[in-house]
Every structure is written in C-alpha cells, then in structure tokens.
Amino acid sequence: MRKGVVTVVLPVYGVEKYLDRCIESVVNQTHKHLEIILVDDCSQDRSPQICDEWAEKDERIKVIHKPKNEGLGFARNTGIENATGEYICFLDSDDYVALDLIEKSYQCASKNQADLVLYGFYNVDVEGKIQRKTIPHVPKPLFTDQEILKDVLPNLVAPRTDDIEWSGLWMSACGCLFSLELIERAKWRFVSERQIISEDVYSLLRLYKDVKRVAVLSEAFYFYCQNQLSLTHIYRTDRYEKIKAFYDDCIRICDEYVYPAEIKERLAGPYLSFTIATLKMIVRANSTATKKKQLFRDIIQDPHLQQVAYISAGVYGSKARKALLWAIKAKWWRLCWILVNVKA
C-alpha cells in the first residue's frame, strides 16, 4: 500500500453518455496522489474506447478490460484486487463527485486513523438539477468500537421512526472512503448483485464486524444521478422474492455476528422501502391492469411482508408513506393501490 495514495475504482458498463463527466470529476481532484482504476465490465457501447482514451491522457489511470460481464459487485472486486493505495473509494460511473472529495476525506481518515470515512450526497434529477442535499447529522465526528454498532450501523441501515431529524447517513459503497488495510484484514469482497439485491447493504453489513474506527464528515461530496435507465417500465416478477431473500440473509448475518437487536429491527426499513419501490414498478409496468393488480395484491397479502410490517415500529417519512404502511398492515390492497398511484 502506497502511503498518501487513494485508489478510485470506477466500474464501467454501458455509460458512454455519462463516463466523461465522472472521470473528469476524478482526475481534477484537489488531492493529486491518485490511482484510478477503470474496470470495463465487457461494455458493448463506446465506454471501453473512452476508458482507453483517458488512460492515454493521464498516467494515473489504469484500465482493466474484463473478458466477460459479471456485474457491478465483481467489477468492484476487480478494483480491490488491483488497488495499491492506502485508501480506496468506489464511484458509480454515471455519477460524479465534488473536486475536494478525496482531499477532505483522506485528511479526515489520516487525522482520525479511521477505517471508514462517511459523507453526504446530492440527489440529481434526469435534467441534471440538484433536487436534495443530504449531509450527516451526528453528535460527534468519530466513533469507535462498540459505538459503531450502537450508534452508526443502525442509522446506516435505516433511521429511527421517532427521530425528529434523520441522521443523514446512507449505506452505500459510494458513500465512504475505505481503508485498504481494513478490507484486506477482513478478507472482504462485494457480493454480486445478481445473487443478492441491494448488494451494498448486504456487503457492508458483513464488513462492519471488522470496523473499529468510523469518522464522519458533515459535508456532501457525491452527486447521485438519476438517469433514463432508472425510469424503466419493466417489472421483473422475481424482484419481490429477491427482496425477501435479501432481508432473510441480512437477518442471518446479524445473528451470526451477534449484532445488537436494533440493527435487526432497522432492517425492516430497507425491506419496506424496496417493497414499496417494487409496488411502484408494478403500477408503472407495461402490462394489463388485471395482471398488475393481481401481482400487487399478492405482495400486499404475502405473509412475509405482513410479518415484517407488524414487527416494524413504523416507517420514517411522509404522512402518505405512513398511511401506506397502515394500509399494508390492514391488507387493504385497493387502498394501497390508490396510495401508490397517487405517489408513483
């Protein structure tokens, strides 16, 4: 590991429209000691050529062309296996970052000898306009040992439903700077998103058993961009089954690592959020109304959803979201349909 060097890993697949923007935000960082690894996941558009063109212009850039497409998680693992920096971060190549992200997060990591540095983000719509800024609101800038499992990890998984103000923490591989020594010590890698939905949450949940020091920057650096592909009108019928499997697998991790009970309770948050997003996909899907309503009703009445809905203390968010959870618990699928249609 090279002291002072930060490795930036960019998995690349089908992002020719956005790739230059992302790479520009990396090569122009105020922290110049970078190792930039572009992992071409067998992309079929011009992305591989764009990667090679950038490598010719900047000697800090290394391009790895994978022989076959294996998905985001494994592309990130390829980056880890080729990284030589002291710290490492992961960006999605259709997003971009503030030019001082690396400088400030590296300084924070060095000052606090942190395993991880967490920071905030912006939501950017399809027109490139910033819709929301989210920054962490935490009582102190450094958490250690059991404080991490008590105060940090639960809030990363989901906010408390009775919190007046959301902590602003988000459980994403793109939302933090990692110590490469931590990753190697833990022998940690990402799981494939083809195996586990929301591979970030699942993978990070496994990592936190080895995390000893977490620093938090109350600033936003990451620009999370919605694009046209995220507005798909295709609903995959196995999606809800994958959400259930994700939840059950995460509960097993908590049991195996003897995590505090509150972390298990908070997992109802992402489960319900993913399920509500799935219900919205069904409403928007290009299918007959009869088929959509049957799929919708089957999910609302599913015993697994009912069990998680009832053990959850509630749901953080708007009155409409809370009303939807109440309707789910009552199994009033028609009211759920109306509420989702209103907000979809």
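Above this note sits the structure.
The structure displayed is predicted, hence computed values, not measured ones.

Points about the overall build of the chain
- For the chain, the count of helices and strands is 14 helices and ten strands.
- Taken over the C-alpha trace, the chain has a radius of gyration of 20 Å; the compact-globule value for 344 residues is 20 Å, and the two agree within 12%.
- Along the longest, intermediate and shortest principal axes, the C-alpha atoms of the chain span 60 × 45 × 35 Å.
- When the 344 residues of the chain are sorted by exposure, 54% land in the buried category.
- In the chain, 79% of the contacts between residues at least 6 apart in sequence involve partners at least 24 apart.
- In the structure as shown, the chain presents an accessible area of about 16200 Å², 51% of it carried by carbon and sulfur atoms.

What to know about the nonpolar core
- One finds Leu 153, Phe 178, Leu 205, Tyr 208 and Phe 296 to be the most contacted residues of the largest nonpolar core, which totals 77 residues.
- Residue contacts for Phe 296: discarding those within four places in its chain leaves Leu 279, Ile 282, Val 283, Trp 333, Cys 336, Trp 337 and Val 340.
- Core analysis: the next-biggest nonpolar cluster, separate from the first, contains 46 residues, Leu 38, Ile 50, Tyr 106 and Tyr 222 among them.

Topic: the pairing of strand β1 (residues 2–12)
- Buried residues dominate β1, accounting for nine of its eleven residues.
- As paired elements, β1 and strand β4 (residues 85–90) share five bridges and run parallel to each other. From the neighbouring strand, Thr 7 faces β4, where its bridge partner is Ile 88.
- In this structure, β1 lies alongside strand β2 (residues 34–40), joined through seven bridges in parallel fashion. Among the inter-strand pairings, Val 9 is bridged to a residue of β2, identified as Ile 37.

Brief notes about the packing of helix α8 (residues 239–257) against helix α10 (residues 268–284)
- Across the interface, α8 lies against α10 with an axial gap of 10 Å and an inter-helix angle of 180°. By the angle between their directions, the pair α8 and α10 is classed as roughly antiparallel. Residue-level inspection shows Arg 239, Tyr 240, Ile 243, Lys 244, Phe 246 and Tyr 247 of α8 in contact with α10, the latter providing Ala 268, Pro 270, Tyr 271, Phe 274, Thr 275, Thr 278 and Met 281.
- A class-by-class count of the residues in the contact of α8 with α10 yields nine nonpolar, two polar and two charged.

Some points on the packing of aromatic side chains
- Counted by the stated rule, this structure contains 15 aromatic pairs.
- Look at Tyr 96 and Phe 223: their rings are 4.5 Å apart centre to centre, the planes differ by 5°, and that puts the pair in the stacked class. Of this pair, Tyr 96 sits in strand β5 (residues 96–97) while Phe 223 sits in strand β10 (residues 213–225), and the two are 127 residues apart along the sequence.
- Centroid distance Tyr 119 to Phe 221: 5.8 Å. Interplanar angle 85°. Geometry classified as edge-to-face.

Focus on the state of the cysteines
- The tally for this structure, following the rule as stated, stands at zero disulfides.
- Cysteine Cys 89 is unpaired, with the sulfur of Cys 174 as its nearest cysteine sulfur at 8.8 Å.
- According to the relative accessible area criterion, Cys 89 is buried, its value standing at 0%.
- With no disulfide of its own, Cys 250 has Cys 254 as its nearest cysteine by sulfur position, at a separation of 7.0 Å.

So, helix α2 (residues 47–57)
- The set of residues buried in α2 consists of Ser 47, Pro 48, Ile 50, Cys 51 and Trp 54. The buried residues of α2 occupy an angular sector of 160° when the element is viewed end-on, so they sit on one face.
- On the buried face of α2, the contacting elements are β1, α1 (19–27), β2 and β3 (61–65).

About the cut-offs
- Residues numbered from 1 in each chain as written.
- Predicted model: local features only at pLDDT ≥ 70, side-chain atom pairs only at ≥ 80, totals over all residues.
- Heavy atoms only, no water.
- Helix = DSSP H or I, 4+ residues; strand = E, 2+ residues; numbered from the N terminus.
- Rg over C-alpha atoms; globule rule 2.2 N^0.38 Å.
- Buried < 20%, exposed > 50% of the residue type's maximum accessible area, 1.4 Å probe, protein only.
- Contact = heavy atoms within 4.5 Å.
- Areas by Shrake-Rupley, 256 points an atom, 1.4 Å probe, with all protein chains shown as cover.
- Core = buried A, V, L, I, M, F, W, Y, C linked by side-chain atoms within 4.5 Å.
- Pairing = 2+ DSSP bridges.
- Axes fitted to C-alpha atoms, helices over the stretch in contact; angles between N-to-C directions.
- Parallel < 35°, antiparallel > 145°, perpendicular 65-115°, else oblique.
- Nonpolar A, V, L, I, M, F, W, Y, C, P; charged D, E, K, R; others polar.
- Phe/Tyr/Trp six-rings, centres within 6.5 Å; stacked < 30°, edge-to-face > 60°.
- Disulfide = S-S within 2.5 Å.
- Arc of directions from axis to C-beta.

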